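Close look at the chain arrangement
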Amino acid sequence: MYRYDDFDAAFVAERNRQFRAQVERRIDGSLTEEEFKPLRLMNGLYLQLHAYMLRVAIPYGTLRSAQMTQLAYIADKWDKGYGHFTTRQNIQYNWPKLRDIPDMLDALAEVEMHAIQTSGNTIRNVTADHFAGAAEDEVADPRPVAELIRQWSTDHPEFQFMPRKFKIAVTGSPNDRAVTAAHDIGIRIVERDGEIGYQVLVGGGLGRTPMIGKVISDFVSGDDLLPYLEAIVSVWNVLGRRDNKFKSRIKITVHEHGIDAIRDLVEERFAEVKPLFSGVDQEMLAAITAQFAAPEFRQAPTDAYDAAYESDPTFRAWADTNLFAHRADGYAIAQISLKAHGETPGDATSEQMRVMADLAERFGHDELRISHEQNVVLPHVHKSDLPEVHKILKAHRLATANIGLVSDIIACPGMDYCALATARSIPIAQQIATRFDELKIEHEIGDLKIKISGCINACGHHHVGHIGILGLDRAGVENYQVTLGGDHTETASLGERTGPGFSADEIVGAVETIVETYMSERESAEETFIQTYRRVGMAPFKAALYPEKAKADAEARANAA
Amino acid sequence: MPRKFTPKVITGNALLEGDVVYLAADDSWTRELSQAELITDEADAQVRLIDAQARVGEVTGVYLADMAEGETGPEPTHFREDFRRTGPSNYFLGKQAS
């Protein structure tokens, strides 16, 4: 894993020193709030409904045990003993006090972490496949290039005051687990004639105007990648709409100008930028890549796993849903669900963080991942250790066997915390998970992704949920719009609205109706929700959700005939 | 025709703690909505708001929030203000716990 060099450490320390002084000047009155706000946002500090919120970057979702332990320490010392993992692989603390922020940032720096560029109109935390370096289906580990992009984009002088924020995601696998099609730039590592290169997508994004990213280049070679990215951001930095916040993201620029025109401009700019790259980036990439060398996987029998799988149904259920194929023999990727039924999606207590850190240290080659689906991953666990890992997880409410199932819900903080929200998300997620747990049918339902956002900005990725839920304020009452058929993977698509929204009291029932409709429409238990939806379309779901409307339509047709 | 003015309180977040505060009639900041001054006159509200916003060493994000007159003081007319005076619904934290 990447370790800070002297330059990184000095850079973060200097930024922390500056911000400490800025906080002091805000408190002593030398800085107004207008002057202070952009400075605090550059350091990840927001003001939310009930308190400040500090958003800490977890680059490409990768953590060492010591870092997770420190996150727990920070939660206890300066917050309320828990943290919230987000859809951009960050962690948010919801209750810090202004005076404590500089100390929190220093504590983060001790473990090579920071909150720089987790807000503001900059290039944000670079996200990646949470199975990076472990997945069987991977072309190459996306983290070295994600780290290179992080270093290039951090404090990049040209890209500190852009039209709007800018998000980049990287996948090293053809099975896209990093939602690359919904990012400003999505990078997919591909292999062509034995050479590793990058397919680059641009102009994806969710929010008010959701768009699936378009391919701007099918193959960018390794030494061209940074100058190519610089060319894209540079073109948008000039063209992007600064006059209208709602049209400022690159997805709108691409939409307004067309992908072909943007591609031409990027090629032109690339020709200018490329000679400025002396090749030092490739030397750095080589050094970074060496740091991401795979751990030494051990050769051992898996009898303990086989025996537990055979004899312990609880373990078997967990293994069936929460494990994923690892590229090394005898290993598995173990997913830790932060979605215990009825709990807040993505939240972990400091005690749970310490348990996960300890497990990673003892059984997981010291590595942890945060997924955009708000779960934690132990990417390298030898199967013989899994029964013990499971036992410990279970003792700390971390062994919920629901990864990829109906209760593994993405939910943004919504109006329980967020100042931008128009409705709550968390209670809806809690109620849906609790309801399906009562029904005891989630394993029967199978692969189904519900994603909930508490406002149009779509932090909860509702547009790409198989079932998407968007919380709105309709005349002073919380109201929930439903979309169906979204997909966040390599076959990305945006969900379609079912029709009028549902009240907070109705939404759980509406989701149940959708699931029942799927169960009755599916051809077999193997046909997943999204497959069924793509085959039968919206009509049966609409008819089930709005029976009055269906009846009226049928009568109108009968009368017309 | 101009819309009829509805009663309001002045609210914002404390600079150091970040929590929700309301302006009381004696110009102090209170953490209890029931102690807030319910302003019923529009001109009065605007002047009070300007004065409150100038207190940058104490508060941030100051604005006028719609309220109704209740038995024990101002009552929110919108769910957002109800959450602000209570705290999050997933944990017993924030104002409800103090």
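What you are looking at is a predicted structure, and each value in this text was computed from that prediction instead of being measured. (Residues numbered from 1 in each chain as written. Chains lettered and ligands numbered in written order. Predicted model: local features only at pLDDT ≥ 70, side-chain atom pairs only at ≥ 80, totals over all residues.)

**A few points about the overall build of chain A**
Applicable threshold: Elements are defined by DSSP. Helices are runs of H or I of four residues or more, strands are runs of E of two residues or more, and each kind is numbered from the N terminus. Just to be clear, the radius of gyration here is over C-alpha atoms, and the globule rule we use is 2.2 Å times residues to the power 0.38. For the exposure call, what matters is how many other C-beta atoms sit within 10 Å of a residue's own: 20 or more marks it buried, 12 or fewer exposed, and in between partly exposed, using C-beta atoms placed from the backbone. By the convention adopted here, residues are in contact when the distance between their C-beta atoms, placed from the backbone, does not exceed 7 Å.
When its secondary structure is counted, chain A shows 19 helices and 21 strands. Relative to a compact globule of 561 residues, whose C-alpha radius of gyration would be 24 Å, chain A shows 24 Å and is just as compact. Principal-axis analysis of the C-alpha atoms places the extent of chain A at approximately 70 × 60 × 60 Å. Here chain A, with 561 residues, has 54% of them falling under the buried criterion. Within chain A, contacts between residues separated by at least 24 positions form 68% of all contacts whose residues are at least 6 apart in sequence.

**Some points on unusual backbone geometry**
All names here are of chain A. Residues other than glycine seldom take positive phi values, yet Gln89 does so here, at roughly 60°. Relative to the helices and strands, Gln89 resides in the loop between β4 (82-85) and β5 (91-93). The class of Gln89 is buried, set by 26 C-beta atoms lying within 10 Å. Phi at Val179 takes a positive value of approximately 55°, unusual for a residue other than glycine.

**Topic: the sheet that holds strand β1 (residues 8-14) of chain B**
Residue and element names in this part refer to chain B. How we decide: Two strands are said to pair when DSSP picks up at least two bridges between them.
Reading across the sheet, the five strands line up as β3-β2-β1-β4-β5 and stay open at both edges, with antiparallel pairing between neighbours. Both outer strands of the open sheet, β3 (29-30) and β5 (73-76), are each paired with one neighbouring strand and no more. Two elements, strand β4 (residues 59-70) and β5, share four bridges in a ladder whose sense is antiparallel. Counterpart to Gly70 in the pairing with β5 is Gly73.

**Some points on the pairing of strand β9 (residues 195-202) of chain A**
Residues and elements named next belong to chain A. Examined bridge by bridge, strand β8 (residues 185-192) and β9 share eight bridges and lie antiparallel to one another. From the neighbouring strand, Ile187 faces β9, where its bridge partner is Val200. With antiparallel pairing between neighbouring strands as the criterion, β8 and β9 make up a hairpin whose turn holds two residues, including Asp193 at a positive phi of roughly 50°. Pairing geometry for β9 and strand β10 (residues 214-221), over five bridges, is antiparallel.

**Considerations on helix α12 (residues 350-363) of chain A**
Which entries qualify depends on this criterion: One less than the residue count of a helix, multiplied by 1.5 Å, gives the span that helix is expected to have.
Taking 1.5 Å of rise per residue, 14 residues should cover 20 Å, and α12 of chain A covers 20 Å from first to last C-alpha, within 8% of that figure. Taken from the residues just after α12 of chain A, His365 of chain A is the one with a positive phi, measuring 50°.

**Section: the domain arrangement of chain A**
A common way to express how large an interface is: the accessible area buried when the components associate. All names here are of chain A. Cut-off, in case you're wondering: Start and end positions for the domains come from either an automated domain assignment or a database one. Amino acids are sorted into nonpolar (Ala, Val, Leu, Ile, Met, Phe, Trp, Tyr, Cys and Pro), charged (Asp, Glu, Lys and Arg) and polar (every other residue, Gly among them).
With domains assigned, chain A is organised as domain 1 (6-110), domain 2 (134-291), domain 3 (303-395) and domain 4 (415-554). Here the C-alpha centroids of domain 1 and domain 3 sit 29 Å apart. Listed as interface residues are 21 residues of domain 1 and, on the opposing side, 20 residues of domain 3. For the side of domain 1 that touches domain 3, the leading source of residues is helix α3 (residues 65-78), giving seven residues. Looking at the side of domain 1 that touches domain 3, its residues break down into eight nonpolar, ten polar and three charged.

**A closer look at the UniProt feature "domain: Nitrite/sulphite reductase 4Fe-4S" (unreviewed entry) in chain A**
Residues and elements named next belong to chain A. Quick reminder of the rule: UniProt positions are given in the numbering used here, feature names are shortened, and annotations may be inferred rather than shown by experiment.
When the UniProt feature table is mapped onto this chain, "domain: Nitrite/sulphite reductase 4Fe-4S" (unreviewed entry) is found at residues 119-272 and 408-545. Secondary structure across residues 119-272 comprises 31% helix and 19% strand; the distance between its end C-alpha atoms is 29 Å. Between the end C-alpha atoms of residues 408-545 the distance is 23 Å, and the span holds 35% helix and 19% strand.

**Focus on the sheet that holds strand β6 (residues 127-128) of chain A**
Here we have five strands laid out as an open sheet, ordered β6-β7-β8-β9-β10 (chain A), and mixed in their pairing. At either end of the open sheet lies a strand with only one pairing partner, and these are β6 and β10 of chain A.

**Here we look at the environment of Tyr417 of chain A**
Of note, Tyr417 of chain A is situated in the loop between β16 (410-411) and α14 (426-439). Note: C-alpha distance between Tyr417 of chain A and Asn94 of chain A (323 residues apart in sequence) is 7.6 Å.

**Side note on the interface of chain A and chain B**
Residue-level contacts link 21 residues of chain A with 22 residues of chain B. Across the side of chain A that touches chain B, the residue classes tally to nine nonpolar, five polar and seven charged.

**Remarks on the confidence of the model for chain B**
We count it as follows: In predicted models, pLDDT denotes the confidence assigned by the predictor to each residue on a 0 to 100 scale.
In the predicted model, chain B carries a mean pLDDT of 96, and 99% of its residues have values of at least 70. Predicted as a complex, the structure gets a pTM of 0.96 and an ipTM equal to 0.96.

**What to know about the packing of helix α5 (residues 143-153) of chain A against helix α9 (residues 280-291) of chain A**
All names here are of chain A. Applied cut-off: The angle between two axes is taken between their N-to-C directions and runs from 0 to 180 degrees, where each axis is a line fitted to C-alpha atoms and a helix contributes only its stretch in contact. In what follows, roughly perpendicular refers to angles from 65 to 115 degrees, roughly parallel to angles under 35, roughly antiparallel to angles over 145, and oblique to any angle outside these ranges. Handedness of each helix crossing follows the sense of rotation of the near helix against the far helix: counterclockwise by less than a right angle gives left-handed, clockwise gives right-handed.
Packing of α5 against α9 leaves a shortest axis separation of 9 Å and a crossing angle of 130°. By the criterion of interaxial angle, the relationship of α5 to α9 is oblique. For the element pair α5 and α9, the recorded crossing hand is right-handed. Contacts between α5 and α9 involve Pro144, Val145, Glu147 and Leu148 from the former and Asp281, Met284, Leu285, Ile288 and Thr289 from the latter. For the contact of α5 with α9, a count of residues per class yields six nonpolar, one polar and two charged.

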